[in-house]
Amino acid sequence: MKSLLPKPESLHWREFEHLCLILFAHGFKATDAAFYCGPGVDQRGIDIRLTRHERDIPELVVIQCKASPKISWCDIKEDFKRAVEGFLGEATAATRDLR
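Quantities reported herein were computed from a predicted structural model and do not represent experimental measurements.

### Looking at the side chain of threonine 51
And step 1. Looking at where threonine 51 falls in the secondary structure, it is placed in strand E2 (residues 48-54).
And step 2. Polar side-chain contacts of threonine 51 include one of 2.8 Å to the side chain of aspartate 32.
And step 3. Setting aside anything within four residues of it in sequence, one finds threonine 51 in contact with Ala30, Thr31, Asp32, Pro58 and Glu59.

### Some words on the pairing of strand E3 (residues 57-64)
And step 1. Note that E2 and E3 share seven bridges and pair antiparallel. For leucine 50, the partnering residue across the bridge sits in E3 and is valine 61.
And step 2. Where E2 folds back onto E3 in an antiparallel hairpin, the turn is made up of two residues, including arginine 55, whose phi is positive at roughly 55°.

### Overview of the pattern of salt bridges
And step 1. A full pass over the atoms with the stated rule returns four salt bridges.
And step 2. When the shortest N-O distance is used, the salt bridge between arginine 14 and glutamate 17 registers 2.6 Å. Here the residue arginine 14 and the residue glutamate 17 both occupy positions in helix H1 (residues 13-27), the gap between them amounting to three residues, near one helical turn.
And step 3. We classify arginine 14 as partly exposed; its relative accessible area is 25%.
And step 4. Given a relative accessible area of 9%, glutamate 17 falls into the buried group.
And step 5. Between glutamate 59 and arginine 52 there is a salt bridge whose closest N-O contact spans 2.5 Å.
And step 6. With relative accessibility at 10%, the residue arginine 52 sits in the buried group.

### Examining helix H2 (residues 73-86)
And step 1. Over its 14 residues, H2 extends 19 Å from the first C-alpha to the last, a length consistent with the 20 Å expected when each residue adds 1.5 Å.
And step 2. All buried positions along H2 are accounted for by Asp75, Ile76, Asp79 and Ala83. End-on, the buried residues of H2 take up no more than an arc of 95°, which puts them together on one face. Along H2, the residues that are exposed and aim more than 90 degrees away from the buried face are Cys74, Lys77 and Glu85.

### What about H1?
And step 1. In a regular helix each residue adds 1.5 Å, so 15 residues correspond to 21 Å; H1 covers 21 Å between its end C-alpha atoms and thus fits that length.
And step 2. Here H1 has its buried residues at Phe16, Glu17, Cys20, Leu21, Phe24 and Gly27. Viewed end-on, H1 has its buried residues packed into an arc of 145°, placing them on one side of the element. H1 presents Ile22 and His26 as exposed residues on the side facing more than 90 degrees away from its buried surface.
And step 3. Downstream of H1 by one or two residues, lysine 29 has phi in the positive range, about 50°.

Cut-off values and rules
Residues numbered from 1 in each chain as written. Predicted model: local features only at pLDDT ≥ 70, side-chain atom pairs only at ≥ 80, totals over all residues. Heavy atoms only, no water. Helix = DSSP H or I, 4+ residues; strand = E, 2+ residues; numbered from the N terminus. Polar contact = N/O pair within 3.5 Å; in protein donor to acceptor, adjacent residues only side chain to side chain. Contact = heavy atoms within 4.5 Å. Pairing = 2+ DSSP bridges. Salt bridge = Lys/Arg side-chain N within 4 Å of Asp/Glu carboxyl O. Buried < 20%, exposed > 50% of the residue type's maximum accessible area, 1.4 Å probe, protein only. Expected span 1.5 Å × (residues − 1). Arc of directions from axis to C-beta.

Here it is in structure tokens:
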């Protein structure tokens, strides 16, 4: 069966960031999620910021999205799972060198 998803490397960087925003907002059960600043602004490595509530305590999560020509859906799935399950304060979409 052919996949309905495009190959990750065919996504424009902005589309990849939108994908990350949706996935992490859902995965962290965020009460709010947004892109941090915008193009041309010094973001200091932060692409997305969101707020989740763990035991009624708001917790800020920041995410840096890193697309790579060699990234696969399996890489994205593994990194997403590791970030949501393992990181409490800071998560990154790509946590290893994908060069």
